[in-house]
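Each chain, written out:
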Amino acid sequence: KLENKDSEKAEKKLSFKSKLETIRLLGIEKKIEEGKNLALGLENPEEKYHALFELARSLDRLQELKSREDSVNIYLIIVTDAPKSNTTRLRSLWAISHLLYRMNDFTISLHFLSEILKNHKESEYYDNAIYLCGQIFEKPWSGRDKEKARNYYETFLKKEFEENFQKSEYLEEVRQKVNEIL
């Protein structure tokens, strides 16, 4: 009996990996509805949100405006429907924030970044979120505010001795920016 259960688990895992690869390919081929339906048909919620994340990421990588907009919509499904404790939801918060930043949709990007800053202080995305907020307020747009940018960078530097921040790829750049903006 134990062998059968192990065999079943291995088969399900292989089946999920196969479906995940199919979903990635459907994203690359821009067959969004097929990919979404396959992902949403998965019974396991962790697998479902992971599959949707991979579909969104595949679309984002196409670097086309329409594909990126579709990617945002899929990330929104995850962010809205997944339980707050779901790790793929947190990855999606960061992914949608960064994607909207690259699309110059700064206001909505800040909305999602604020959730990371408020509710995920211990996460691997916290330093990224502080840094990206600083970047956004430094950019030339209607909400540009160099004082806010400097405040985010200073907040980042105050945390530089915390574990997540010691290894941050942004540490040196933030130090330079604080000196430039001052």
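Keep in mind the model is a prediction, meaning the values are calculated, not measured. As a convention, each chain's residues are numbered from 1 in the sequence order in which they are written. Predicted model: local features are reported for residues with pLDDT of at least 70 only, side-chain atom pairs are reported and counted for 80 or more only, and whole-chain, interface and lining totals are derived from all residues. Hydrogens are left out, water is left out, and the side-chain values use all remaining heavy atoms of the structure.

(A) Representation of the overall build of the protein within the structure. When helices and strands are tallied, the protein shows 10 helices and 0 strands. Runs of H or I in DSSP of at least four residues are treated as helices and runs of E of at least two as strands, each being numbered from the N terminus. Across the protein, helices and strands are ordered from the amino to the carboxyl terminus as α-α-α-α-α-α-α-α-α-α. Dimensions along the principal axes, computed over C-alpha positions, put the protein at roughly 65 × 40 × 25 Å. Within the span of the protein, comprising 182 residues, buried residues form 46% of the whole. Contacts are assigned to residue pairs with any non-hydrogen atoms lying within 4.5 Å of each other. The contacts of the protein with a sequence gap of at least 6 include a subset with a gap of at least 24, amounting to 52%. The Shrake-Rupley method, run with a 1.4 Å probe, gives the accessible areas here. Residue values count only the displayed protein chains as cover. In the structure as shown, the protein presents an accessible area of about 10,800 Å², 48% of it carried by carbon and sulfur atoms. Exposed residues in this analysis have more than 50% of their type's maximum accessible area, buried residues have under 20%, and partly exposed residues fall in between, with area computed by a 1.4 Å probe over protein chains only.

(B) Molecular detail of the nonpolar core. Throughout, nonpolar core names a set of buried Ala, Val, Leu, Ile, Met, Phe, Trp, Tyr and Cys residues whose side chains join them through atoms within 4.5 Å. Judged by nonpolar contacts, the single largest core of 52 residues is most densely connected at Tyr75, Leu113, Phe156 and Val174. Residue contacts for Phe156: discarding those within four places in its chain leaves Asp127, Ile130, Tyr131, Phe165, Ser168, Tyr170, Leu171 and Val174.

(C) Layout of the pattern of salt bridges. Each reported salt bridge corresponds to a side-chain nitrogen of Lys or Arg within 4 Å of a carboxyl oxygen of Asp or Glu. Scanning the entire structure with this criterion turns up 17 salt bridges. Linking Glu64 and Lys30 is a salt bridge whose minimum nitrogen-to-oxygen distance equals 2.7 Å. Residue Glu64 is located in the loop between α3 (45-61) and α4 (65-81), and its partner Lys30 is located in the loop between α1 (2-28) and α2 (32-40); the two are separated by 34 residues in the primary sequence. Relative accessible area serves as the criterion here: at 32%, Glu64 is assigned to the partly exposed category. Of the charged contacts, one joins Asp60 and Arg68 as a salt bridge, the two residues approaching to 3.3 Å between their closest N and O atoms. The exposure classification of Asp60 matches that of Arg68, with both residues buried.

(D) Quick look at the environment of Glu124. Along the chain, the position of Glu124 falls in the loop between α6 (106-119) and α7 (126-138). According to the relative accessible area criterion, Glu124 is exposed, its value standing at 56%. In this structure the C-alpha to C-alpha distance between Glu124 and Arg91, which are 33 residues apart in sequence, comes to 9.4 Å.

(E) Just the side chain of Glu115, in detail. On the secondary structure map, Glu115 appears in helix α6. Those residues in contact with Glu115 that sit more than four places away from it in its chain are Lys84, Arg89, Leu93 and His120.

(F) Region of interest: the side chain of Ser109. By secondary structure assignment, the location of Ser109 is in helix α6. Beyond its immediate chain neighbours, meaning those up to four positions away, Ser109 contacts Ser97, Leu100, Tyr101, Leu132 and Ile136.

(G) How the structure looks around helix α5 (residues 87-102). In this scheme, a helix's expected span is set at 1.5 Å multiplied by one less than its residue total. Taking 1.5 Å per residue as the helical rise, α5 with its 16 residues ought to reach 22 Å, and the 23 Å between its terminal C-alpha atoms agrees with that figure. Along α5, 12 of the 16 residues are buried, which leaves the element largely enclosed by surrounding structure. By the burial criterion, the buried members of α5 are Thr88, Arg89, Leu90, Ser92, Leu93, Trp94, Ala95, Ile96, Ser97, Leu99, Leu100 and Tyr101. Buried positions along α5 lie against α3, α4, α6 and α7. The term polar contact refers here to a pair of N or O atoms within 3.5 Å; inside protein, the definition further demands a hydrogen-donor-capable atom paired with an acceptor-capable atom, and it admits residues adjacent in sequence only when both atoms are side-chain atoms. Capping of α5 at its N-terminal end is provided by Asn86; its side-chain oxygen lies 2.7 Å from the backbone amide nitrogen of Thr88.

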